[in-house]
Amino acid sequence: MSKDIIGTIKENVIQGRKTQGDVGIDDSLAGTPGVVELVQQALEGNISPQIIISEGLTAGMQVVGEKFSTKEYFIPDMLASAEAVGAAMDIMKPVLESANVETKGKFAIATVKGDIHDIGKNIVAILLKGAGYEVNDLGIDVPTEKVVEFVKEEKPGYLGLSALLTTTMTEMGVVIKALEENKLRSSVKVLIGGAAVSEEFAQEIGADAYCVNAFDAVKVLEGY
Amino acid sequence: MPRKGILVDRPFERLTREQAELIHQASMQILTDPGLISFNREAVDILHSHGAAVESIAGDHQSWQVKIPEQLVLKALDTAPKTVKLGARNPDNALIMHGDEPRVYLITGSETNIWLDVDFPTYVNKADPTKEIRVPEFKPRRGTIDDLCQSAHVCEHLEMVDGYIRTVNIQDRDIIEDNKDVNKFFASLNNNTKHFMSGLTSLKQLDNVVRMAELIAGGKKALEGNPIISFITCLVKSPLQFVDDTTETFIEVCRRGLPIVVSSSPQAGTTAPIKEAGIMAQINAEVLAGITLGQLVKPGTPVLYGSVPVRARMDTLGDSYGSVETSQYNIDCVQMARFYRIPNYSTSGVCDSKIPGQQSSIERLFSDIVVTMSGPQFLHCAFGLLDCNSVFSLLQAVLDDAHFKMIEFFLRQPRIDQPELEAMLKQMREVVATPQKLYIRYIRPVLRSGEISGVYPFEGSGEADDVFELAYEQMKELLARPVEHIDRETTARIFEEIPGILPRLNIYESRS
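Note that the structure is a prediction, hence the values are computed from the model and not measured.

The rules we used
Residues numbered from 1 in each chain as written. Chains lettered and ligands numbered in written order. Predicted model: local features only at pLDDT ≥ 70, side-chain atom pairs only at ≥ 80, totals over all residues. Helix = DSSP H or I, 4+ residues; strand = E, 2+ residues; numbered from the N terminus. Rg over C-alpha atoms; globule rule 2.2 N^0.38 Å. Buried ≥ 20, exposed ≤ 12 C-beta atoms within 10 Å, placed from the backbone. Contact = placed C-beta atoms within 7 Å. Pairing = 2+ DSSP bridges. Axes fitted to C-alpha atoms, helices over the stretch in contact; angles between N-to-C directions. Parallel < 35°, antiparallel > 145°, perpendicular 65-115°, else oblique. Left-handed = near helix turned anticlockwise from the far one by under 90°. Nonpolar A, V, L, I, M, F, W, Y, C, P; charged D, E, K, R; others polar. Core = buried A, V, L, I, M, F, W, Y, C linked by C-beta atoms within 7 Å. Right-handed = clockwise from strand over helix to strand, strands pointing away. Domains from an automatic or database assignment.

## A short note on the overall build of chain B
Part 1 of the argument: From N to C terminus, chain B includes 17 helices and 25 strands.
Part 2 of the argument: The C-alpha atoms of chain B give a radius of gyration of 25 Å, which matches the 24 Å a tight globule of 512 residues would have.
Part 3 of the argument: Along the three orthogonal principal directions, the C-alpha set of chain B runs to about 85 × 60 × 55 Å.
Part 4 of the argument: Looking at the 512 residues of chain B, the share that counts as buried comes to 48%.
Part 5 of the argument: Residue pairs in contact within chain B that sit at least 24 positions apart in sequence constitute 73% of those at least 6 positions apart.

As C-alpha cells, this is what we get:
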C-alpha cells in the first residue's frame, strides 16, 4: 500500500498533476487523484513525510528534470510538476514542523523598487518551492527597507532579487548596500536575476550569484 | 485520401477582378495580333483546321504566323478540366487540384547540372590556436544517377514535399540521350512514392516511360485512374513562339491523355516587356495558346497553367529569380489561372545565391511565403535549388522543408469562435484570481496537440550558428531511413520490357 501510493505520487509529479481535475501530460491518469489528494491520503495512512518527499516528490522531480534536459519536457511541464510538489509541501508543512523536519532552506524573493515585472520572479518561486525550499514571495516594487526588515526578522538563508529594467537594476545594489549597513549581509546569500542583469553586474554590486534563469537558480542553491 | 497540401483560406491577390479581365482581353488581342509564330507544322495544321488563320513566314527555318481566334481559346478553356488529379505510387500521396481551390501542393525541381556536396572542415584561429570552428564548405560537381536516387530518397521523407520533379541532371558516362529518360524515370519512381513529373529528353522514349508507369500503376486503365507520372513541356519560347520539338512532345503527351503542364517562362526586360502589364498579357497569351492546342489535340486533356515568369538582372541580363518583381509576376499568374479555374503550376524559392546561406534564405523565403499565400495548386518551390536553378544542394532541401513547415503553420486558419472565446474568458477570470497571474498551466493541454509552433528546428546551442550542421545531421538521418522501392516482380518486368535502364539500378539484382 505504502509503496503503491508513493509510486503513484511520483507518477503524478512526473505528469504534473496537482489535483484530480488536472489532465497531466497525457490522459492516462485523467480523473484519478492528483498529488494533493494522494499526499493527503498518504499522511492519513501514516506514511512518513520523509518517504513521501524523498521517494515520491523528489524522485518524481528528478525524472522531470531529466526529461527537461533531454527536451522531452518543456518549461510548462516543469512548472506544473513544481506547482504540484509545492502544493504538497504546503499540506505537509504542519506535519514537517511538528516532526522537526527542516526544509532545504528559507528563500525570500522580491522584484526591486520601481519594477513591477514579476513573471520571472514567480517562475523562480514556483520552481524553488517545488524543489523543497520554503519560499517567501515579498512581491513587486518592494522598497529596500521592507527587504531589509524581512531579512532581519525572518532570517532567510537566501534572498532573490529580480529586475527587468535597466533603470531599476541599480536598486539591487542599493539593497545589498543596505544589508551591509545593517550588518545582515553575511547572514544571507543574495542571488540576482532578470533580463537587464548579468554576471558582471552581479560582481559589480557584490551579489553572491547571477542566475541566468529559474533553473539556474535551483542549480545555484543546490551548489551551496 | 490525397495529400492535404496547404489550404490557403484567403489567398493573397494583387490584381483586381477588372485588372484580370483587362489582362485576359489583352491576351486575346495578342493571340490574333501579332499572333504566334509556330515552328511546328503539326500544331499549325491542328490550329488551322479549327479556324486559326495561318500564314507561312519566309526564312531559314520553316515557320508560320498563327492567329488564334478568341472563340477557339474560350472553347479550350471550357474543355480543359477544372480538377486535375496527379496520382502517386502510394495512392495516399495523390494530389487533387481544383482550379478554384487555393490548396497548395509543394513540389521539388527543376533539373540542375551541378550537385553541391558539403563538408565541415575545422579552422583554427591564428591568433588563438585553442579556438576552433567548423565551417561548411560547399563543393560543386556534376550530378549523377546516384545523386538523383539520393535526392528522390530524401524528398520521399521530407514532410512538406508533396511531389517530385527530379532535381539533378544525370550525367554519368553510361547515360546517353537514348537512355536518359528511362533511367531518370526509374531512378525517381523507385526511390520516391510521391507524384513524379518530368520533361522528356527524347520523344522516342515517351512510350517507354508511359509503359514503365503502366507496369508500376497496375496497367493502362490503372494509370488513367492513378496517373503516377505527368509531364512538363516548354512548348512556348517567349515571345510568342511554338518551338518545334517541344511542341511535338506536347502534342504526343496530350494524345496519351496524361497530365501535362503548359509552361512559359518569359523574362521581363528581354523576352517580355519590363512592365508588369506587358509580361502578364504576354505570358497569359502564351499559356492560353498552349492550352488551346492541347485541348484541340484531345479535349479533356488534364493541363496545368504553367507560369515561370522572371525579371532580367540589369547587370547581366540573366534571370533574376530572387527579384521582388519575379514574385509579383508569379502571384499575378496564380490569379489568372484561378480566373480561368484551371489548376496552376507556379514557381517560388528560386534564388540567385550560389550556396546556402543568408542570401539564399532571404531570397527563397521571400518568394516562398508570398507565392504560397497566393494559393497556386502546384508550387514548384525549388527545394534545394541555388544559383537560378543550376545547382542542387540536398542540405538546402532539408532547410527548405523546415521553412515550409513554418509557412504551413502561418497559413492556418484562425480559430476564433464563440466557444473558444468563452473558454478564454474563463481562463482569464481564473488566472486573475491567482497570486501569480500566469497562464502557463493552460499551455500544457495544447503543448503537444500541434497548436503551438515549434522553435526553429536547427537552432544551435548558445551563440553558435549550428544551422548547417544540424540540417546535415537530419539529411543523413533521412538517407538512413528506408524507402519503399518498386517490388521485385514489377522491377523484373520493367527491366525485361523497357530497354536501356542501367543494371545497377536494379536493387534486387545488385543485392542478390
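## Quick notes on the overall build of chain A
Part 1 of the argument: A count of helical and extended segments in chain A gives nine helices and five strands.
Part 2 of the argument: The N-to-C order of helical and strand elements in chain A reads α-α-α-α-β-α-β-α-β-α-β-α-β-α.
Part 3 of the argument: Taking 17 Å as the expected radius of gyration for a compact globule of 224 residues, we find that chain A reaches 18 Å, a close match to that expectation.
Part 4 of the argument: The buried share of chain A, reckoned over its 224 residues, is 44%.
Part 5 of the argument: Residue pairs at least 24 apart in sequence account for 73% of intrachain contacts in chain A once pairs closer than 6 positions are excluded.

## Regarding the sheet that holds strand β21 (residues 319–320) of chain B
Residue and element names in this part refer to chain B.
Part 1 of the argument: If you walk across this open sheet you meet the three strands as β18-β20-β21, and the pairing is mixed. The open sheet has two free edges, formed respectively by β18 (267–268) and β21, since each of these has just one partner strand.
Part 2 of the argument: Pairing between β18 and strand β20 (residues 310–312): two bridges, direction parallel. Within β20, the position partnered with Q267 by the bridge is V310.
Part 3 of the argument: Against the sheet, helix α10 (residues 324–340) touches β18, β20 and β21, its axis set at about 145° to β20.

## Here's the deal with the packing of helix α3 (residues 70–79) of chain B against helix α9 (residues 276–297) of chain B
Residue and element names in this part refer to chain B.
Part 1 of the argument: The geometry of α3 relative to α9 is characterised by a closest axis approach of 8 Å and an angle of 70° between their N-to-C directions. Looking at the two axes, α3 sits roughly perpendicular to α9. Of the two possible hands of crossing, α3 and α9 adopt the one that is left-handed. Here α3 contributes L72, V73, A76, L77 and T79 to the contact with α9, which in turn contributes L288, I291, T292, Q295 and L296.
Part 2 of the argument: Here the contact of α3 with α9 is composed, by residue class, of seven nonpolar, three polar and no charged.

## Concerning the interface of chain A and chain B
Reports often express the size of an interface as the amount of accessible area lost when the parts come together.
Part 1 of the argument: On the chain B side, the residues contacting the nine residues of chain A number eight residues.
Part 2 of the argument: Going through the elements one at a time, α4 (75–98) and α5 (119–130) of chain A are the ones with two or more residues in the side of chain A that touches chain B.
Part 3 of the argument: The element that contributes the greatest number of residues to the side of chain A that touches chain B is α4(A), accounting for four residues.
Part 4 of the argument: Among the residues forming the side of chain A that touches chain B, the class breakdown is six nonpolar, two polar and one charged.

## A few points about the sheet that holds strand β8 (residues 114–119) of chain B
Residues and elements named next belong to chain B.
Part 1 of the argument: Read from one edge to the other, the open sheet built from four strands follows the order β11-β8-β25-β24, with strand pairing classed as mixed. In this open sheet, the two edge strands, each paired with only one partner strand, are β11 (137–142) and β24 (385–386).
Part 2 of the argument: Relative to strand β25 (residues 391–392), β8 is paired through two bridges, and the arrangement is parallel. Its bridge partner being in β25, I114 is matched across the sheet by V391.

## Quick word on the nonpolar core
Part 1 of the argument: By size, the foremost hydrophobic cluster in this structure holds 132 residues, and its most contacted members are B:L31, B:L106, B:F186, B:M212, B:I260 and B:Y305.
Part 2 of the argument: If you look at the next biggest cluster of nonpolar residues, it comprises 65 residues, including A:V13, A:V85, A:Y158 and A:L221.

## Digging into the pairing of strand β1 (residues 106–112) of chain A
Every other side chain in a regular strand lies on the same face of the sheet, so the side chains alternate between the two faces.
Residues and elements named next belong to chain A.
Part 1 of the argument: β1 sits mainly inside the fold: six of its seven residues count as buried.
Part 2 of the argument: Sheet topology places β1 next to strand β2 (residues 134–142); six bridges connect them, and they run parallel. If you follow F107 over to β2, its bridge partner there is V135.
Part 3 of the argument: At this point the chain moves from β1, through α5, to the parallel β2, and the crossover so formed is right-handed.

## Some words on the domain arrangement of chain A
All names here are of chain A.
Part 1 of the argument: Segmentation of chain A into domains returns domain 1 (2–98) and domain 2 (106–223).
Part 2 of the argument: A straight line from the C-alpha centre of domain 1 to that of domain 2 covers 27 Å.
Part 3 of the argument: Only α3 (49–69) and α4 provide two or more residues apiece to the side of domain 1 that touches domain 2.
Part 4 of the argument: Counting residues per element, the side of domain 1 that touches domain 2 draws most heavily on α4, which supplies seven residues.
Part 5 of the argument: Classifying every residue of the side of domain 1 that touches domain 2 by side-chain character gives five nonpolar, three polar and one charged.

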